[in-house]
Amino acid sequence: MSIARNNIEPQIIQLFNRGDPSAMDRLYGCYADYLTGVCARYVTADDDLKDVLQESFIKIFMGMGSFSYRGEGSLKAWMSRIVVNESLLFLRKKRLRAPEKLLADPPDIPEEDPDTDGMDSTDLARLIRRLPEGYREVFNLFAIEGLSHKEIARKLGIKPDSSASQFHRAKCLLARMIKEQRTSAHTI
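Conventions adopted
Residues numbered from 1 in each chain as written. Predicted model: local features only at pLDDT ≥ 70, side-chain atom pairs only at ≥ 80, totals over all residues. Heavy atoms only, no water. Helix = DSSP H or I, 4+ residues; strand = E, 2+ residues; numbered from the N terminus. Buried < 20%, exposed > 50% of the residue type's maximum accessible area, 1.4 Å probe, protein only. Contact = heavy atoms within 4.5 Å. Patch = residues over 30% accessible without salt bridge, like charges linked within 9 Å, V, L, I, M, F, W, Y side chains within 5 Å. Areas by Shrake-Rupley, 256 points an atom, 1.4 Å probe, with all protein chains shown as cover. Salt bridge = Lys/Arg side-chain N within 4 Å of Asp/Glu carboxyl O. Lys, Arg positive; Asp, Glu negative; His and termini not counted. Charge placed at Lys NZ, Arg CZ, Asp CG, Glu CD. Expected span 1.5 Å × (residues − 1). Arc of directions from axis to C-beta. Phe/Tyr/Trp six-rings, centres within 6.5 Å; stacked < 30°, edge-to-face > 60°. Core = buried A, V, L, I, M, F, W, Y, C linked by side-chain atoms within 4.5 Å. Axes fitted to C-alpha atoms, helices over the stretch in contact; angles between N-to-C directions. Parallel < 35°, antiparallel > 145°, perpendicular 65-115°, else oblique. Left-handed = near helix turned anticlockwise from the far one by under 90°. Nonpolar A, V, L, I, M, F, W, Y, C, P; charged D, E, K, R; others polar.

**Things to note about the side chain of N140**
Thought 1: Note on placement: N140 falls in helix α7 (residues 133-144).
Thought 2: Residue N140 is classed as buried on the basis of its relative accessible area, which comes to 0%.
Thought 3: Excluding residues that lie within four positions of it along the chain, N140 makes contacts with R41, Y42, I128 and E145.

Put into structure tokens, the structure is as follows:
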């Protein structure tokens, strides 16, 4: 494989800069699956996911003129941030329409880290999608996006302690879900 094939970003940016009509199709073709996966970590209903992705791609296409390429992966990272922000905006608006009750720390959740050794990434993603919305948001922002609890607190309008607590609860619930999945797989 050539280097140009591995890093398609400069080619896509060049298409946009030239006003090439194929630029949007090329970007979409290269990144739609990846960005769908990013969005799916936050938004679980398929119709909502499609709506959030559509809004994200509109913002991406409209913002390409102001995007500043900083090297390999910078376009992908920029688009991922847009998708995450659009997902969080959608969830925030959804909560305003129907506020979610705060989840208390369920007593039956084990105090342990999830054992993901040997686990398929698709199965793990499916389990993460089953986490309650608030847990899922904080878990994704901390464990996957790499934000600090202080940054998460600013982004979600909560306290850093609440972010840390939600992450701990999410992690414990995920550990229980993984354990249950493995137990049911062994009994079949």
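**Considerations on the environment of Y34**
Thought 1: When you line up the elements, Y34 lands in helix α3 (residues 23-40).
Thought 2: With a relative accessible area of 36%, Y34 lands in the partly exposed category.
Thought 3: When the C-alpha atoms of Y34 and S80 are compared, they prove to be 8.8 Å apart, with 46 residues separating the residues in sequence.
Thought 4: Apart from the residues within four sequence positions on either side, Y34 is in contact with K76 and S80.

**Details of a negative patch on the surface**
Thought 1: On the surface, D46, D47, D51 and E55 cluster together to form a negatively charged patch.
Thought 2: The residue D46 is located in helix α4 (residues 46-63) in this model.

**Let's talk about α4**
Thought 1: Here α4 is 18 residues long and its end C-alpha atoms lie 25 Å apart, about the 26 Å a rise of 1.5 Å per residue gives.
Thought 2: For α4, every residue scored as buried is listed here: L49, V52, L53, S56, F57, I60 and G63. Buried residues of α4, seen end-on, are gathered within an arc of 140 degrees and therefore sit on one face of the element. When the buried face of α4 is taken as reference, the exposed residues oriented beyond 90 degrees from it are D47, K50, Q54 and M62.

**Structural notes on the packing of aromatic side chains**
Thought 1: Throughout the structure, instances matching the rule amount to six aromatic pairs.
Thought 2: Considering the side-chain rings of Y28 and F57, the 4.9 Å spacing of their centres and the 55 degrees angle between planes classify their relative orientation as tilted. Pair noted here: Y28 is in helix α3 and F57 is in helix α4, with a separation of 29 residues, a long-range link.
Thought 3: For F57, a relative accessible area of 6% translates into the label buried.
Thought 4: Pairing F57 with F61 gives two aromatic rings, centres 5.7 Å apart and planes at 40 degrees, and the pair type is tilted. Residue F57 and its partner F61 are located together in helix α4, separated by four residues, close to a single helical turn.
Thought 5: A network of ring pairs unites the aromatic residues F16, Y28, F57 and F61 as a single cluster.

**Some points on the nonpolar core**
Thought 1: Formed by 47 residues in total, the largest nonpolar core has its most connected members in L27, I60, L75 and L131.
Thought 2: Secondary structure elements with two or more residues in this core: α2 (9-18), α3, α4, α5 (74-97), α6 (121-130), α7, α8 (149-156) and α9 (160-187).
Thought 3: A per-element tally of this core places α5 first, with nine residues.
Thought 4: If near-sequence neighbours (up to four positions away) are discounted, I60 is found in contact with L27, L35, W78, M79 and I82.

**Notes on the packing of α3 against α5**
Thought 1: α5 packs onto α3 with a crossing angle of 45 degrees between their chain directions and a minimal axis gap of 10 Å. As far as their axial angle goes, α5 and α3 are oblique. You can see that α3 and α5 cross each other, and the crossing is right-handed. Where α3 approaches α5, its residues L27, Y31, Y34, L35, V38 and C39 are matched on the opposing element by L75, K76, M79, S80, V83, V84 and S87.
Thought 2: A class-by-class count of the residues in the contact of α3 with α5 yields 10 nonpolar, two polar and one charged.

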